[in-house]
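Here are the chains, one letter per residue:
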Amino acid sequence: MSERVGGKVLALAGGVGGAKLALGLARILPPERLAIVVNTGDDEEFHGLHVSPDLDTMTYTLSGWYNQETGWGVAGDSFEMLAVLNRLGSDTWFNLGDRDFAMHIRRTELLRQGMTLSQVTAELTGRLGIEHAIVPMSDEPVRTVLETDAGTLSMQEYFVKHRAGPVVRSIRYAGADEATPSPGFAEALGSADMIVFCPSNPHLSVAPILAIPGVRDAIEGHSACRMAVSPIVGGDAVRGPAGKIMGELGAEVSAVGVAREYAGLCDVLVVDTQDAGLADAIASVSIRPVVTDTIMQTDDDKIALARTVLRLAEFAE
């Protein structure tokens, strides 16, 4: 495959689906042509440590450390530390493996030394041999907060502690108004020839990124080829609560609903073959539908979808 020289890709991602496509893109594009900007609205403190779930999922995926069965965490991890913490009286509803703990300990240590989250992420990913840029959306804290029928919940309380069970009434992104894009994000946004919304939860993974002042406007007015891969296939999310949340917030739970979420932000929506019949409805939102296989079960699937996405922007032939 020959590739168009110089085209730079900005991938916006969060969660397991986002990491899967990012891996495919990283297998095709050299480091200088790809920046992966990751949601940090899920970040939270556990046991005195700064935990960045989406950054970790991306890091473990690109380093090859990830647990292929769950899509998150470290393959072959043990949970001895968590068991001892539980015995000593700590609240251990958030599952952290022993190798995973090491990541959070080192991240927290470096943050306390005065490094920014961007600097820490670059240090940690470099130590794991990752050459592509994995960039937090902001170095300032932004936290996703859900108003539900069970009360006000953080993202992790909703998703992990309550297993995404409560009905979501509204979502806000605390701190977003005061946040700024991280330096790596700002640079990538300014130089991108293509912007890819990975198949991530529109409300929990992508919206926190768009909530940072100036980001949505910059993407809406961008001259780059803007493309999204639908996280909704056959009327529900491939994994996670994206479909449930969309329905509870009054949106259509389909690839058409995703197109409406991204109206004005993207030019092309890639949808699965199961949703080929929705192409006309998607086109009515002024977004070009492209139908292909989007389920990524193997690394070959991830690379194939990434190649399709790049070809649509004429980044590869």
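Going by the structure above, here's the rest.
Residues numbered from 1 in each chain as written. Predicted model: local features only at pLDDT ≥ 70, side-chain atom pairs only at ≥ 80, totals over all residues. Heavy atoms only, no water.

Caption draft 1: Molecular detail of the overall build of the protein chain. For the protein chain, the helix and strand inventory stands at 13 helices and 14 strands. Over its C-alpha atoms the protein chain spans a radius of gyration of 19 Å, differing by no more than 12% from the 20 Å that the globule rule assigns to 317 residues. Of all 317 residues assigned to the protein chain, the portion counted as buried reaches 53%. When the accessible surface of the protein chain is summed, it comes to about 13300 Å², and 47% of that surface belongs to carbon and sulfur atoms. (Helix = DSSP H or I, 4+ residues; strand = E, 2+ residues; numbered from the N terminus. Rg over C-alpha atoms; globule rule 2.2 N^0.38 Å. Buried < 20%, exposed > 50% of the residue type's maximum accessible area, 1.4 Å probe, protein only. Areas by Shrake-Rupley, 256 points an atom, 1.4 Å probe, with all protein chains shown as cover.)

Caption draft 2: Looking closely at the sheet that holds strand 2 (residues 34–38). Pairing is parallel across the open sheet formed by 7 strands, whose spatial order is 5-2-1-9-10-13-14. Two strands close off the open sheet at either side, each with one partner strand: strand 5 (133–136) and strand 14 (288–292). Between one strand axis and the next, the sheet turns by 25 degrees as a mean value, whatever way the strands run. Strand direction decides the pairing type here: strand 13 (residues 268–272) and strand 14, joined by 5 bridges, are parallel. Bridging across to strand 14, Val268 finds its partner in Arg288. (Pairing = 2+ DSSP bridges. Axes fitted to C-alpha atoms, helices over the stretch in contact; angles between N-to-C directions.)

Caption draft 3: Structural view of the packing of aromatic side chains. Counting across every chain of the model gives 5 aromatic pairs. Measuring from centroid to centroid gives 5.4 Å for Phe46 and Trp93, while their planes differ by 80 degrees, and the two rings are edge-to-face. With a gap of 47 residues between them, Phe46 in strand 3 (residues 44–46) and Trp93 in the loop between helix 3 (80–87) and helix 4 (98–112) connect regions that are remote in the sequence. Ring centres of Tyr60 and Trp65 lie 6.2 Å apart, and the angle between their planes is 15 degrees; on these two criteria the pair is classed as stacked. Judged by relative accessible area, Tyr60 falls into the buried class, the value being 2%. Feature note: the residues Phe46, Trp93 and Phe94 constitute an aromatic cluster, connected by ring pairs. (Phe/Tyr/Trp six-rings, centres within 6.5 Å; stacked < 30°, edge-to-face > 60°.)

Caption draft 4: How the structure looks around the packing of helix 4 against helix 5 (residues 117–127). One way to put it is that helix 4 packs onto helix 5 with a least axis distance of 10 Å and a crossing angle of 135 degrees. Compared by their axis directions, helix 4 and helix 5 come out oblique. By crossing handedness, the relation of helix 4 to helix 5 is classed as right-handed. In this structure, helix 4 contributes Met103, Arg106, Arg107, Leu110 and Leu111 to the contact, and helix 5 contributes Leu117, Val120, Glu123 and Leu124. The residue makeup of the contact of helix 4 with helix 5, split by class, is 6 nonpolar, no polar and 3 charged. (Parallel < 35°, antiparallel > 145°, perpendicular 65-115°, else oblique. Left-handed = near helix turned anticlockwise from the far one by under 90°. Contact = heavy atoms within 4.5 Å. Nonpolar A, V, L, I, M, F, W, Y, C, P; charged D, E, K, R; others polar.)

Caption draft 5: Inspection of the packing of helix 2 (residues 53–63) against helix 4 at higher detail. Two elements in contact, helix 2 and helix 4, have axes whose closest approach is 12 Å; the angle formed by their N-to-C orientations is 120 degrees. The orientation of helix 2 with respect to helix 4, classified from their angle, is oblique. Every pair of crossing elements has a handedness; the one defined by helix 2 and helix 4 is right-handed. In contact with Asp56, Thr59 and Tyr60 of helix 2, helix 4 contributes Asp100, Met103, His104 and Arg107. Broken down by class, the residue content of the contact of helix 2 with helix 4 amounts to 2 nonpolar, 2 polar and 3 charged.

Caption draft 6: Geometry of the sheet that holds strand 6 (residues 143–148). Strands sit in the order 7-6-8 across an open sheet of 3 strands; the sheet is antiparallel. In this open sheet, the two edge strands, each paired with only one partner strand, are strand 7 (151–154) and strand 8 (168–174). Shown here is a sheet whose adjacent strand axes are inclined to one another by a mean of 25 degrees, direction ignored. Alignment of strand 6 against strand 7, held across 4 bridges, turns out to be antiparallel. Following the sheet pairing, Glu147 is matched in strand 7 by Thr152. Running over the sheet, helix 8 (residues 202–210) touches strand 6 and strand 8 and is turned about 30 degrees from strand 8.

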